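What follows is the residue order along each chain.
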Amino acid sequence: LQRNLGGRDDQTTAFPPHKIIGNIYYVGTNSLATFLIATREGLILVNSSYERNVPVIQKSVEALGFKFSDVKILLGSHAHGDHMEGDAAVKALTGAQVVAMAEDVPALEKMQPGGKPHPIDRVIHDGDTVSLGGTTLVAHLTPGHSRGCTTWTLKVEDGARIYDVVIVGSLGVNPGFQLVNNREAPAIADEFRRAFKVSRALPCDVPLASHPAMYRLAQKYPKVALGGPNPFVDAAGYRAELDLTEAMFEAVLAAQQKVAGK
């Protein structure tokens, strides 16, 4: 968790906005990822972050030469405040269509910064697609971290190749997650296992995620300036992150089962 979140300054300080691959750009902070997908019919934004970060995101979008008002669709990774609290603010500024996975709707409806109702314009389900200007994203339900945690996939063209991009919702077991005897989510352990199974089946050339540490942004970004192979193309890194997070899940589950057994 500390690796992913960093300190408070990391959550609010803009990471240098940059092109990742094809029509995908990074416009988030040091520890909270926001992605911009540019199409011929407007922009898609993935993760609004905290409401206080919306001006930071807007500035990064504009630093790349885009207009924030051109954001037409707003997607999210999961119903936690650090990723989707700013949905209402983004909608107010852009009029974007806010899309949410059905299983996350109850949690999102409780997310009302400053008393503002959480906008939800389209409710989607596992396997649904979101398209704009020739770009199509597929929503994969990867629950556990939240009931409707969503991993997004898309294909992007860069140079002479087409790459499979995976934007991981989250597979992490945060402190306080109750994996055993959870009354609100009795099958939470099975939900996590489903998420890992789905994630491992996804073809991935370029792994991205709701927290940049999950795809080692800080280590990869300096390599961009060197002019070699794109460091964000990292299929092995995707598998390694899955191995790490699944091992952590199994360890936490075993520890909680041992306590419950006693």
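For the structure, check the block above.
Below is a summary of the structure that appears in this document. (Residues numbered from 1 in each chain as written. Predicted model: local features only at pLDDT ≥ 70, side-chain atom pairs only at ≥ 80, totals over all residues. Heavy atoms only, no water.)

## Overview of the pairing of strand β4 (residues 42-46)
Here is the rule we go by: Burial classes: relative accessible area under 20% of the type maximum marks a residue as buried, over 50% as exposed, and values in between as partly exposed (1.4 Å probe, protein chains only). Secondary structure elements follow DSSP: runs of H or I of four or more residues count as helices, runs of E of two or more count as strands, with numbering from the N terminus. Here, any two strands with at least 2 DSSP bridges between them count as paired. Throughout, right-handed denotes a crossover for which the path from the first strand over the helix to the second runs clockwise when the strands point away from the viewer.
With 5 of 5 residues buried, β4 lies mostly within the body of the structure. Note: strand β3 (residues 35-39) against β4, 5 bridges, orientation antiparallel. Residue pairing in the sheet places T39 in a bridge with G42 of β4. Handedness of the crossover joining β4 and strand β5 (residues 71-75) through helix α3 (residues 54-63): right-handed.

## Describing the nonpolar core
We apply this condition: Here, nonpolar core refers to any group of buried Ala, Val, Leu, Ile, Met, Phe, Trp, Tyr and Cys residues whose side-chain atoms link them within 4.5 Å. Note on definitions: a residue-residue contact is assigned when non-hydrogen atoms from the two residues lie within 4.5 Å.
Ranked by size, the top nonpolar core spans 52 residues in total, and within it I20, F35, L75, W152, V165 and L208 carry the most contacts. Excluding anything up to four places from it in sequence, I20 contacts Y25, Y26, F35, V206, L208, N230 and F232. Among the nonpolar cores identified, the runner-up in size contains 16 residues, and L36, A38, V61 and V90 belong to it.

## A few points about the packing of aromatic side chains
Our working definition: Two rings belonging to Phe, Tyr or Trp (six-membered ring only in the last case) form a pair when the distance between their centres is within 6.5 Å. Interplanar angles under 30 degrees mark stacking, angles over 60 mark edge-to-face geometry, and anything in between is tilted. Charge-over-ring placement is defined geometrically: NZ (Lys) or CZ (Arg) within 6 Å of the ring centre, and within 35 degrees of the ring normal.
The full count for this structure, using the stated rule, is 9 aromatic pairs. The interplanar angle of 50° and the centroid separation of 6.3 Å between the aromatic rings of F177 and F192 together place this pair among those described as tilted. Residue F177 is located in the loop between β11 (161-168) and α7 (188-201), and its partner F192 is located in helix α7; the two are separated by 15 residues in the primary sequence. Relative accessible area serves as the criterion here: at 0%, F192 is assigned to the buried category. On the basis of an interplanar angle of 45° and a centroid distance of 5.9 Å, the ring pair of F196 and F249 is categorised as tilted. One end of the pair, F196, is in helix α7; the other, F249, is in helix α9 (residues 235-261), and 53 residues separate them in sequence. A single burial state applies to F196 and to F249, both of which are buried. Taken together, F15, Y26, F35, Y215, Y221 and F232 form an aromatic cluster joined through their ring pairs. Lying over the aromatic face of Y50, R52 brings its terminal NZ or CZ to 4.1 Å of the ring centre.

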